[in-house]
Amino acid sequence: MLVFAFEAGELHAHLDPQLAPETCAAFSEALRTSVTIRTRHAMFTGPEMSMQLPAAQYPQLLQVPQEAAVIMPAEGQILFTSLPARVWPGSSEPILDLGIFYGPYGRTFFPSGWLPGNAFAHIAAEQFPLMKQIGRSLIESGAQDIKLSFRSF
């Protein structure tokens, strides 16, 4: 289970290994040690909490193939998108993007076009109220640091 520890509380994400086995395996291995990352509200994709993992720390995630590719994520779905260096304008580094879609009508459409992400995990429905509260707080109060980790329950 992925754990996103925000100021307002923890969101627990259940992995979907039947949909995205290689993505789930890579994250289970990579996040044995927790990491603190910056989370922002996405600009183009609708109700999304967006965060990037440091590519230099997680080079194995750059090797994850596209699987369970989604462009219209469901509420509570978590997508992973890996972009090589210099693909995104203004970035000379690879990008390892995680997005938690906290509401309906999310989409992965950018100024450069559609960019599918691997749907590999989801937030439990009972946590949707907290998820929505956190998503709104990113709009109202701005970005925040969170602790991301993997736990076996």
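Our subject in this report is the structure included herewith. As the structure is a computational prediction, the values presented were derived from the model and not from experiment. Within each chain, residues carry numbers counting from 1 in the order of the written sequence. With pLDDT at 70 or above as the cut-off, local features in this predicted model cover only qualifying residues; side-chain atom pairs require 80 or more to be listed or tallied, and sums for whole chains, interfaces and linings still use all residues. The basis for every side-chain value is the complete set of heavy atoms in the structure, and neither hydrogens nor water enter the calculation.

## What about the overall build of the protein chain?
In step 1: Scanning the protein chain from N- to C-terminus turns up two helices and eleven strands.
In step 2: Numbering of helices and strands runs from the N terminus; a helix is a DSSP stretch of H or I covering at least four residues, while a strand is a stretch of E covering at least two. When the helices and strands of the protein chain are listed from N to C terminus, the series reads β-β-α-β-β-β-β-β-β-β-β-α-β.
In step 3: Taken over the C-alpha atoms alone, the protein chain extends approximately 35 × 35 × 25 Å along its principal axes.
In step 4: Here the protein chain holds 153 residues, and the buried ones make up 50% of them. For each residue, the accessible area found with a 1.4 Å probe, counting protein chains only, is set against the maximum for its type, and the residue is called buried under 20%, exposed over 50%, and partly exposed in between.

## Structural notes on the side chain of S28
In step 1: Following the sequence through the fold, S28 ends up in helix α1 (residues 21–30).
In step 2: Once residues lying within four places of it in the same chain are set aside, the contact partners of S28 are L15 and F150. Contacts are assigned to residue pairs that have any heavy atoms within 4.5 Å of one another.

## Here's the deal with the pairing of strand β2 (residues 9–15)
In step 1: Pairing between strand β1 (residues 2–6) and β2: five bridges, direction antiparallel. The partner of F4 across the bridge, within β2, is L11.
In step 2: Here, any two strands with at least 2 DSSP bridges between them count as paired. Linking β1 to β2, which pair antiparallel, is a turn of two residues.

## Description of the side chain of N118
In step 1: For N118, the location among the structural elements is in strand β10 (residues 117–123).
In step 2: Reaching out from N118, the side chain makes a polar contact with the backbone oxygen of P65 at a distance of 2.9 Å.
In step 3: For this analysis, a polar contact is any N or O atom pair within 3.5 Å, provided that within protein one partner can donate a hydrogen and the other can accept it, and provided that sequence-adjacent residues contribute only side-chain to side-chain pairs. A distance of 3.1 Å separates the side chain of N118 from the backbone nitrogen of E67, its partner in a polar contact.

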